[in-house]
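Architecture at a glance
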Amino acid sequence: MSSLSVPASGLAGHRAMAVIEARRMARHPVFLLGVVLAFVVLGLFLATKKEEGVPVVLTLPLLGAFYIGLTSVIAAARLTSSTEVAAEAVATAPGTEARRTLGLAATGIPAFLAGLAFSVVLVVVAQVQGVAPQEWWFGTLPDWQVWSMLLMCPAACLGGALLGVLTARWLRFRGASAMAVVALIVVSLLGQAPLLETSSSEWRLRVPWAIFHTGDNADGTQTLIAGNPGAYLGYMLALCVLAVLGAMWHDRTARTPRFRALVAAVAATALVLFAVAATTGSHDNRDSDPIPSRVTG
Amino acid sequence: MSARLWYLRHGVAWLPVLACCAAAAATALLVVRWPDVAGVLAPAVLACCAGAAAFVYDEDALPVVAVTPRGAGWRRTARLGVTLLPMSVWVVVVALRPGEVPFVRPGWWLLGGATLLLVTGSAALASRRLVPTPGALLAPVVALAAVAPVTLAGMFSWGSLYPIGDFPDPVRAVWLGVALSGAVVCVVALRPGLRP
């Protein structure tokens, strides 16, 4: 139990609430389990690989996004729901539900930092162990594209936590977070899998987690999927902001004209970023040069 | 109506159980439309069924009903039967092979049964320890755990835990191990009495 004294209003109050929620998130067992699993699976992958260097390195952020991001959905939803136990008492205190929701958005901070740590570890390991010269990585891709793909991991982890807050604010039935997790997986899969090998693969970027790298093909090549990863990263972050605003929208008193304009502006920004992501960058899927050691068929 | 049926009708949190079963059926329909991605959608169906099983032991008034003369053991045993509902959904989905996906039925029945047994046992164990609504946490965790092996399939040489078209013996051994663990957990959880 935190013993911080929370000022009734102002920036200091927001900061204190955010610190409390971030600490609760950082100590939540489900979140910690997700972080541990992400690093354990990465460690197992690196320990059992049969070749020198790190293979398919740009697919590995998926591990962090999956384990840390999806457990963050559950943990943040639990933390948000837990505040409802004392809803009647809290409602009589100064401050609004929207303000508490904004404080709960800080649950995304530990998730973001964990995802960032995962990406940093990936870069360090790839620098130490090296990668195949044909691999999609620094040298075969512009640096900004590689960094964008790596930073999608912390962005997804942040988004997971914020989706958890959004889910718990709007869906009060038991199992809502379970539904959100399964729905997120199914939507991300069905929104892009049928498009990956078509000429319109860039339209897959509407989903909240899109892949840019297919891993190894049977002929030893790797396919880089079309689209602009930098703009897509911006689109993901815009979705994160929309999740926070959507959760705050639950509080009727927060729906001022200024707030509505803010929601509209962020939604428009997200659409623009999606359009930029889908229409710029690489227009077609690109295959790398074959990596002889990975030819399987 | 027997006492057990009356109790189940009034005591079980049917809304989340049925909602998860409906979600499983809806996801199975997605397999019909997109059989190429059955490798992920079929575990998602299992995740929904496992989520349903996680809610079977939810009982808000647990501290009260746990000390009634009929006993907590009777209550937990009666609720075990509700697991047959998500189990039936899973059995039917695998039997129908949506999208003509070549599931090896005995193997897929085994992996579904093992998962549901372990989830139900875990929920019953939590109930034995006087956790009133274990499903609220257990359901999302098991849903995630059911899909998690999919992320590992392409990365490690040991292959998928959800094989389509063939069901290798090592995979069968893993799921038999899960089933055995589930059976042990159920036996421990269904012993009479409480362990606060």
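Conventions used here
- Residues numbered from 1 in each chain as written.
- Chains lettered and ligands numbered in written order.
- Predicted model: local features only at pLDDT ≥ 70, side-chain atom pairs only at ≥ 80, totals over all residues.
- Heavy atoms only, no water.
- Patch = residues over 30% accessible without salt bridge, like charges linked within 9 Å, V, L, I, M, F, W, Y side chains within 5 Å.
- Areas by Shrake-Rupley, 256 points an atom, 1.4 Å probe, with all protein chains shown as cover.
- Salt bridge = Lys/Arg side-chain N within 4 Å of Asp/Glu carboxyl O.
- Helix = DSSP H or I, 4+ residues; strand = E, 2+ residues; numbered from the N terminus.
- Contact = heavy atoms within 4.5 Å.
- Buried area = accessible area lost by both parts, 1.4 Å probe.
- Polar contact = N/O pair within 3.5 Å; in protein donor to acceptor, adjacent residues only side chain to side chain.
- Nonpolar A, V, L, I, M, F, W, Y, C, P; charged D, E, K, R; others polar.
- Buried < 20%, exposed > 50% of the residue type's maximum accessible area, 1.4 Å probe, protein only.
- Pairing = 2+ DSSP bridges.
- pLDDT = per-residue confidence, 0-100.
- Expected span 1.5 Å × (residues − 1).
- Arc of directions from axis to C-beta.

Take a nonpolar patch on the surface next. A surface patch of nonpolar side chains, amounting to about 390 Å² of accessible area, comprises Val-36, Val-40 and Leu-44 of chain A together with Trp-158 of chain B. Looking at where Trp-158 of chain B falls in the secondary structure, it is placed in the loop between α8 (135–153) and α9 (169–189).

Moving on, we get to the interface of chain B and chain A. Contacts between the two partners involve 31 residues from chain B, matched on the other side by 27 residues from chain A. Together chain B and chain A conceal approximately 2400 Å² of surface at their shared face, both sides included; 84% is due to carbon and sulfur atoms. Where chain B touches chain A, the interface holds two salt bridges. Here Asp-58 of chain B ties to Arg-174 of chain A by a salt bridge, and the two come within 3.5 Å at their closest N and O atoms. Summed over the shared surface of chain B and chain A, the number is three residue pairs in polar contact (both at pLDDT 80 or more). Among the secondary structure elements, those contributing two or more residues to the side of chain B that touches chain A are α2 (14–33), α3 (38–54) and α8 of chain B. Among the elements that take part in the side of chain B that touches chain A, α8 of chain B stands out by supplying eleven residues, more than any other. Residues of the side of chain B that touches chain A, tallied by class, amount to 26 nonpolar, three polar and two charged.

Before going further, it helps to examine the pattern of salt bridges. Opposite charge on two side chains allows them to pair when their charged atoms are near. One pass over the full model with this rule turns up seven salt bridges over all chains. Arg-169 of chain A serves as the salt-bridge partner of Glu-97 of chain A, at 3.7 Å between the closest nitrogen and oxygen. With Glu-97 of chain A in helix α5 (residues 97–104) and Arg-169 of chain A in helix α7 (residues 143–170), this residue pair connects regions lying 72 residues apart in the sequence. Comparing Glu-97 of chain A with Arg-169 of chain A shows no difference in burial state: the two are buried. In this structure, Arg-174 of chain A engages Asp-60 of chain B in a salt bridge whose closest nitrogen and oxygen atoms are separated by 2.6 Å. Separated into two different chains, Arg-174 of chain A in the loop between α7 and α8 (176–190) and Asp-60 of chain B in the loop between α3 and α4 (62–65) make up a pair that spans both. Relative accessible area serves as the criterion here: at 27%, Arg-174 of chain A is assigned to the partly exposed category.

Side chains on a regular strand alternate between the two faces of the sheet. Residues and elements named next belong to chain A. Both strand β1 (residues 213–216) and strand β2 (residues 222–224) contribute to a ladder of two bridges, which runs antiparallel. The residue of β2 that forms the bridge with Asp-216 is Gln-222. Taken together, β1 and the strand that follows it, β2, pair antiparallel across an intervening segment of five residues, in which Gly-220 is found at a positive phi of about 90°.

Attention now goes to the sheet that holds β1 of chain A. Taking strand neighbours across the sheet as the criterion, the three strands line up as β1-β2-β3 (chain A) in an open arrangement whose pairing is antiparallel. Bordering the open sheet on either side are β1 and β3 (286–287) of chain A, each of which pairs with just one other strand.

All names here are of chain B. Across chain B, pLDDT averages 90, with 96% of residues at or above 70. Confidence scores differ between elements of chain B, with α4 showing the lowest mean pLDDT of 75 and helix α6 (residues 84–96) the highest of 96. Under the prediction, the complex receives an ipTM of 0.87, its pTM being 0.90.

A separate point is α6 of chain B. An α-helix turns once per 3.6 residues; consequently, residues spaced three or four apart project the same way. Residues and elements named next belong to chain B. For α6, with 13 residues, the first-to-last C-alpha span of 18 Å sits near the 18 Å given by 1.5 Å per residue. Listed as buried for α6 are Pro-86, Val-89, Trp-90, Val-93 and Val-94. An end-on view of α6 places all buried positions within 125° of arc, on one side of the element. The exposed set on the far side of α6, more than 90 degrees from its buried face, consists of Leu-84 and Leu-96. If you follow the buried residues of α6, they end up packed against α2, α3 and α7 (105–128). Phi for Arg-97, located one or two positions after α6, is positive at around 50°.

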